[in-house]
Every structure is written in C-alpha cells, then in structure tokens.
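Listed here are the chains, written in short residue letters.
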Protein chains: 2
Amino acid sequence: MKLSTKGRYGLRAMIDLASHMDEETVSLSSIARRECISESYLEQLASSLKKAGLVTSSRGAQGGYRLGRDASEISVGDVLRACEGSTDAVSCPGLKSESAGKESGCAGAEMCVSKYVWEKINTAITDTVDGIYLSELVKESRKARTGHPDELPGCAAGGKR
Amino acid sequence: MKLSTKGRYGLRAMIDLASHMDEETVSLSSIARRECISESYLEQLASSLKKAGLVTSSRGAQGGYRLGRDASEISVGDVLRACEGSTDAVSCPGLKSESAGKESGCAGAEMCVSKYVWEKINTAITDTVDGIYLSELVKESRKARTGHPDELPGCAAGGKR
DNA sequence: TTTAATCCTAGTATTTTACTTGGAATTAAA
DNA sequence: TTTAATTCCAAGTAAAATACTAGGATTAAA
C-alpha cells in the first residue's frame, strides 16, 4: 500500500512551484535541483501534471512552468491523481469509484464483503487528500523555513531513496 | 497506492475463516477453494497471520486453522498489517509512525512539508482499518448471502487477477 | 501405514518502478 | 543568425517487487 515516487515527487514539485509563483516562470531544472529529483524523471511528471491542467508551460529559453490555477484551488488529491492515475488503494469492478456497469469481475460480486472495506479505505484517502490544498502547504513550508532560516537542504542525504 | 494481493487475499481468507468458526478446524485447501486463491500462496499468508497471532493451527490429518481470538477483537488493520507489513501509504524517517530517532533521511526534514500530508493519509487509513472488525464483516456477509441464497461463486470469473 | 494436513525454503516468471537516453521543437537573448 | 536554454516526446533498461510455483519435511488422525 505504497505511494510511488511519482506521487511523492509530484507533490514536492508542485509545492516547490507554488512557492515560486512570484517568478515569471520556473524551470524544471531549478525544481529538480532544489528538490533533489532527477530532471528527466521530473519531465514525465510535468507532462502528466500539464495534461491534468495543473500547470501551464512556455517553451524556449527563459521558458518554464507556472501553476494552472491558484494554489488555493489545487488539492493534494488533484496532484496525486494526476501523477499516480488514481488514489485508490484497491480498485475492483463493483466499487463505486469504478462505475463500470455490472459486476464484470469478481466471482459473486455481492458476496464480496471486502468490497465494503476497500470502499471505506478509498473514501478515507480521497477525503483526506481532497481536503488539503497547495496554498496551505506553501504557508506551512514558509513557516517552517523562517523558523530555521539557516538550513539549506543539499541533496546528499535523501530525497532519492 | 495499491494494496497488494497479500492484503486482499489475506482479508478474504480471514473473513472466510471467521465465517466457519462453527467447525472444529478449517483447512487451507477449503479456504482456497471457496475463495479462489492458490493454496500454496495462501500458505505464506497463513504463516504471516500465525506469526501475528491472528490464527492458530493444528497439524496432521483433520488439522487446520482457527481464529486466534474472537472475530470481534480482530480488526481489518490487524489483518492488513500482518499480511502487508504496514498499512502506511508513505513511510519515511521523520514520520511519527517510524519512531526512528532524528531526521535520519530526507534532506531538511523539518522543511519537508509533504511529510505533513503523508501523516494525514496514513492516519486516515489507520483509523479506517482499525475501526472495522471481522465480526461485522461476517455479519454483513451472511446478510448478503441470505439475500441471494442461490448464487454460489465459482472461480472462473475473478478472484485471481 | 496411509493420508491429510501444516510447515518451510527456495526458485521463478511477470510486472512495475524508477529511472536514463537521445533526440526534436521552440524561443529568448547574444 | 547563431547559440543556449528550455519544453516536449518516445523508447529503452536495470533493479526491485509481486505473485506465484515446486518440492519436500513434519505431524497426527484414521
């Protein structure tokens, strides 16, 4: 039951981008550097985020990315879904989230009680991630940073895995 | 962010076992048959469940498994943790759930705002799975079954993947 | 002594993850 | 007009994780 690097890096990147909305554009290379994420890997995430409308881009020198809408209107759920495809911990036909008509899969769909559990887990996750917005995280981040203004990360220790 | 077959099969198996507590012992082969799970794969889950004290076993002919304690005292969380190791969607040093002292990993641990998000996701999941007990599921299952007493699963359609 | 079961260790095919590579296209600035 | 900085795109790939299978050894009831 793990969130992959896509979701984890994706959120970090979006928080970083949101924290630099004073700048005209933000290049992937700068995000990658600050967040200790491989730039070419970030490209893939950027592509997903763009498809989802969460960021816009301008090409060429001095180009880069901007948020697609205000940070207060982008939820963590939006980001994770864009990067991971879905935030469901279990997806099986017959669950509400998959509105694939009929019980197309599981043997004896209405007898599958665990379905009930998966549904609860999925809504718990969804409710949580849809209730947190980038704007809050940016605020939190600034607070933390001003508390320790001297500490500047550096990639060596972590970030990768 | 997917729950693996271990957790999914594990819970199904435990519900099945809990539904047959009138019998002396329940063999893996019978669970495997009813739940459409490979018996040899189930053995591995049974071993984890036993280590966690969620089931007890007796060897030899006529042997089999029983619940380690009452179904009302075994939560879905207990089962999932036994099978999957943890129910955390993200584990990184610095999170409460990992009480590994110091910020042993992430660059600039206190600046990592996403930590705050992972924590919320993890608690949401934990709270959910720790609040559902096998006894409820058995009851639900019986209700569903008596509603459609004629339907008997059969493995063909699903169960595997 | 046969048979039905748990128990145990290891192997393996497949899938997924986490990247990298090698460019092409676009645009601002020199 | 060239150069440099950037996004964009499609494939390839090594390593890890997943979802099993195989082959027994052990135990105990019938």
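What you are looking at is a predicted structure, and each value in this text was computed from that prediction instead of being measured. (Residues numbered from 1 in each chain as written. Chains lettered and ligands numbered in written order. Predicted model: local features only at pLDDT ≥ 70, side-chain atom pairs only at ≥ 80, totals over all residues. Heavy atoms only, no water.)

Trainee: Report on the protein's contact with DNA strand C, specifying residues and quantitative values.
Mentor: Close to DNA strand C lie 24 residues; T5(A), S38(A), K50(B), S57(B) and Y65(B) are nearest. Among all atoms of DNA strand C positioned within 4 Å of the protein, those belonging to sugar or phosphate total 63%. Contact between DNA strand C and E43(B): a base nitrogen at 2.8 Å from a side-chain N or O atom of the residue. Elements with a contribution of two residues or more to the surface near DNA strand C: α1 (5–18) and α3 (39–51) of chain A together with α3 (39–51), β1 (55–58) and β2 (64–67) of chain B. Per-class residue counts for the surface near DNA strand C are 6 nonpolar, 13 polar and 5 charged. (Near = heavy atom within 4 Å. Polar contact = N/O pair within 3.5 Å; in protein donor to acceptor, adjacent residues only side chain to side chain. Helix = DSSP H or I, 4+ residues; strand = E, 2+ residues; numbered from the N terminus. Nonpolar A, V, L, I, M, F, W, Y, C, P; charged D, E, K, R; others polar.)

Trainee: Which residues make up α3(B), and what values go with them?
Mentor: Residue and element names in this part refer to chain B. Spanning 13 residues, α3 covers 18 Å between terminal C-alpha atoms, matching the ideal 18 Å at 1.5 Å per step. Taken together, the buried positions of α3 are occupied by L42, L45, A46 and L49. When α3 is viewed along its axis, its buried side chains cluster within an angular range of 110° and face the same direction. Against the buried residues of α3 lie α1 (5–18), α2 (28–35), β1, β2 and α4 (76–84). Just downstream of α3, G53 is the residue with a positive phi angle, here 80°. (Expected span 1.5 Å × (residues − 1). Buried < 20%, exposed > 50% of the residue type's maximum accessible area, 1.4 Å probe, protein only. Arc of directions from axis to C-beta. Contact = heavy atoms within 4.5 Å.)

Trainee: An account of α1(A) is needed here, citing residue identities and associated values.
Mentor: Between its first and last C-alpha, α1(A) extends 19 Å over 14 residues, near the 20 Å set by a 1.5 Å rise per residue. When you tally the buried positions in α1(A), you get 12 out of 14 residues, the bulk of the element.

Trainee: Account for the environment of M1(B), naming residues and giving values.
Mentor: Residue position: M1(B) is located in the segment before α1. M1(B) sits in the buried class, given a relative accessible area of 6%. Taking the C-alpha atoms as reference points, M1(B) and D88(B), 87 residues apart in sequence, are found 9.8 Å from one another. Here M1(B) is in contact with K2(A), L3(A), E84(A), T87(A), D88(A), A89(A), I125(A), A89(B) and I121(B), once residues within four sequence places are set aside.

Trainee: With reference to specific residues and values, describe the packing of α1(B) against α2(B).
Mentor: Packed helix pairs are characterised by how far apart their axes lie and by the angle those axes make with each other. Residue and element names in this part refer to chain B. Two elements in contact, α1 and α2, have axes separated by 10 Å at closest approach and are oriented at 115°. Compared by their axis directions, α1 and α2 come out roughly perpendicular. Judged by the twist between their axes, the crossing of α1 over α2 is right-handed. Counting all contacts with α1, which are made through R12, A13, D16 and L17, the residues of α2 involved are I31, R34 and E35. Of the residues that constitute the contact of α1 with α2, the class distribution is 3 nonpolar, no polar and 4 charged. (Axes fitted to C-alpha atoms, helices over the stretch in contact; angles between N-to-C directions. Parallel < 35°, antiparallel > 145°, perpendicular 65-115°, else oblique. Left-handed = near helix turned anticlockwise from the far one by under 90°.)

Trainee: Just give me the short version of the nonpolar core, but keep the residues and values in it.
Mentor: Membership of the largest hydrophobic core comes to 86 residues, with the highest contact counts inside it found for M14(A), L134(A), M14(B) and L134(B). Among all residues touching L134(B), those that are not within four sequence positions of it are L11(B), M14(B), I15(B), A18(B), L67(B), A71(B) and I74(B). (Core = buried A, V, L, I, M, F, W, Y, C linked by side-chain atoms within 4.5 Å.)

Trainee: Describe the protein's contact with DNA strand D, naming the residues involved and giving the relevant values.
Mentor: Near DNA strand D lie 24 residues; those nearest to it are K50(A), S57(A), Y65(A), T5(B) and S38(B). When atoms of DNA strand D within 4 Å of the protein are split into backbone and base, the sugar-phosphate part holds 63%. The separation between a phosphate oxygen of DNA strand D and a polar side-chain atom of S57(A) is 2.4 Å. Looking at the surface near DNA strand D, the elements that each hand over two or more residues are α3, β1 (55–58) and β2 (64–67) of chain A together with α1 and α3 of chain B. Its residues placed into classes, the surface near DNA strand D shows 6 nonpolar, 13 polar and 5 charged.

Trainee: Explain the packing of aromatic side chains to me, and be specific about the residues and the numbers.
Mentor: Residue and element names in this part refer to chain A. Summed over all chains, the structure comprises 2 aromatic pairs over all chains. Seen from their ring centres, Y9 and Y41 are 5.9 Å apart, and the 85° between their planes marks the pair as edge-to-face. With Y9 in helix α1 and Y41 in helix α3, this residue pair connects regions lying 32 residues apart in the sequence. You can call Y9 buried: its relative accessible area is 7%. (Phe/Tyr/Trp six-rings, centres within 6.5 Å; stacked < 30°, edge-to-face > 60°.)

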